[in-house]
Amino acid sequence: MTQVTVVQKHAYQTEVHFAGNLPVLTADEPAPIGTGTGPSPIDLLASAVGNCLLASLYFALTKFKNTPAPMRCEVSAEQGKNAEGKTRVLGITANIHLADAPESLAQLDRILGQFEEFCTVTRSVAAGIPVVVSVFDPNGNKLK
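Within each chain, residues carry numbers counting from 1 in the order of the written sequence. A pLDDT threshold of at least 70 governs which residues receive local features in this predicted model, and a stricter bar of 80 or more applies before side-chain atom pairs are shown or counted, although totals over entire chains, interfaces and linings include all residues. Side-chain figures throughout are based on the complete set of non-hydrogen atoms in the structure, without hydrogens or water.

What is the right way to read the pairing of strand β1 (residues 4-10) from this model?
Successive residues of a regular strand alternate their side chains across the two faces of the sheet. In this sheet, strand β2 (residues 13-18) lies alongside β1 in antiparallel orientation, the contact comprising six bridges. Paired with Q8 across the bridge in β2 is T14. Two strands make a pair as long as DSSP finds a minimum of two bridges between them. Counting from the N terminus, the helices are DSSP H or I runs at least four residues long and the strands are E runs at least two residues long. In this structure, the hairpin formed by β1 and β2 is closed by a connection of two residues, where A11 is found at a positive phi of approximately 50°.

Next comes the structure, spelled out in structure tokens:
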């Protein structure tokens, strides 16, 4: 089980305390609601999706004896109004950029076909929010 403690410090600013000796994270809503002194809850959601996707892809790549160079994932979370007029995250787009040439990675087609299913956070979020994941090679060519 994972547990975090979130403590309100001032208005919309909070401190996120993680288990163990991990550093405390300051979170805040952007101006004009908050002061923007830290990532917003939507930023944290987007970063959790990106982090989990990269971890899942890295695991899959190394399972097939690849030693991938560091990858990056750009995540966008679209905000808007739902049918009831409430602000919600309407969709998430994650673009993963490989640093290695695709031909240098063993079993890449197989990996790209299944790594998302092992991403706990993304699959959980996708149960309620549409998530679109794309993977690009170092030259910007879309592989998935």
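Help me understand the environment of Q3 in this model?
Following the sequence through the fold, Q3 ends up in the segment before β1. The sequence separation of Q3 and F18 amounts to 15 residues, and the corresponding C-alpha distance is 7.0 Å.

Would you explain helix α1 (residues 41-63) in this entry?
For an α-helix, the turn length of 3.6 residues means that residues three or four places apart are oriented alike. The end-to-end C-alpha distance of α1, which contains 23 residues, comes to 33 Å, matching closely the 33 Å that a straight helix rising 1.5 Å per residue would cover. Working rule for contacts: check all heavy atoms of both residues, and any pair within 4.5 Å makes them a contact. Tucked inside the fold, the buried residues of α1 contact β4 (72-81), β5 (87-97), α2 (108-114), α3 (120-126) and β6 (131-136). Positive phi shows up at K65, right after α1, with a value of about 65°. In this scheme, a helix's expected span is set at 1.5 Å multiplied by one less than its residue total.

Is there a simple way to think about the environment of P102 in this case?
Relative to the assigned elements, P102 resides in the loop between β5 and α2. Residues contacting P102, with those up to four places away along its chain left out, are L108, D137, P138 and L143.

Can you walk me through the nonpolar core in this structure?
Side chains of nonpolar character tend, in soluble globular proteins, to be buried together. By size, the foremost hydrophobic cluster in this structure holds 24 residues, and its most contacted members are L53, L57, I96 and F115. Mapped by element, the contributors of at least two residues to this core are α1, β5, α2 and β6. Looking at which element gives the most residues to this core, the answer is α1, with six residues. Ignoring anything within four residues of it in the chain, the contact list for F115 reads L53, S56, L57, A60, I96, V133, V135 and K144. Within this scheme, the nonpolar core is defined by two criteria: the residues are buried Ala, Val, Leu, Ile, Met, Phe, Trp, Tyr or Cys, and they are joined through side-chain atoms within 4.5 Å. Under the scheme applied here, a residue whose accessible area is under 20% of the maximum for its type counts as buried, over 50% as exposed, and between as partly exposed, the area being computed with a 1.4 Å probe on protein chains only.

For this particular structure, what's the right way to read the sheet that holds β5?
Within a sheet, adjacent strands bond to each other through the backbone by hydrogen bonds, running parallel or antiparallel. With mixed pairing, the three strands of this open sheet are ordered in space as β4-β5-β6. Looking at which strands have only one partner, the edges of the open sheet turn out to be β4 and β6. Recorded for the sheet is a direction-independent mean angle of 15° between the axes of neighbouring strands. Bridge analysis of β5 against β6 gives six bridges, and the strand direction is parallel. Bridge pairing in β6 places H97 opposite F136. With axes taken as lines fitted to C-alpha atoms, and helix axes fitted only over the stretch in contact, angles between N-to-C directions fall between 0 and 180 degrees. Most of the contacts of α1 go to β4, to which it runs at about 145°, and overall it touches β4, β5 and β6.

Can you help me understand the sheet that holds β2 in this one?
On the basis of which strands lie adjacent, the open sheet formed by three strands has the order β1-β2-β3 and antiparallel pairing. The strands lining the two open edges of the sheet, one partner per strand, are β1 and β3 (25-27). The mean inter-strand angle of the sheet, taken between neighbouring strand axes irrespective of direction, is 30°. Pairing of β2 with β3, which is carried by three bridges, proceeds in the antiparallel orientation. Across the sheet, residue V16 finds its bridge partner in β3, namely L25.

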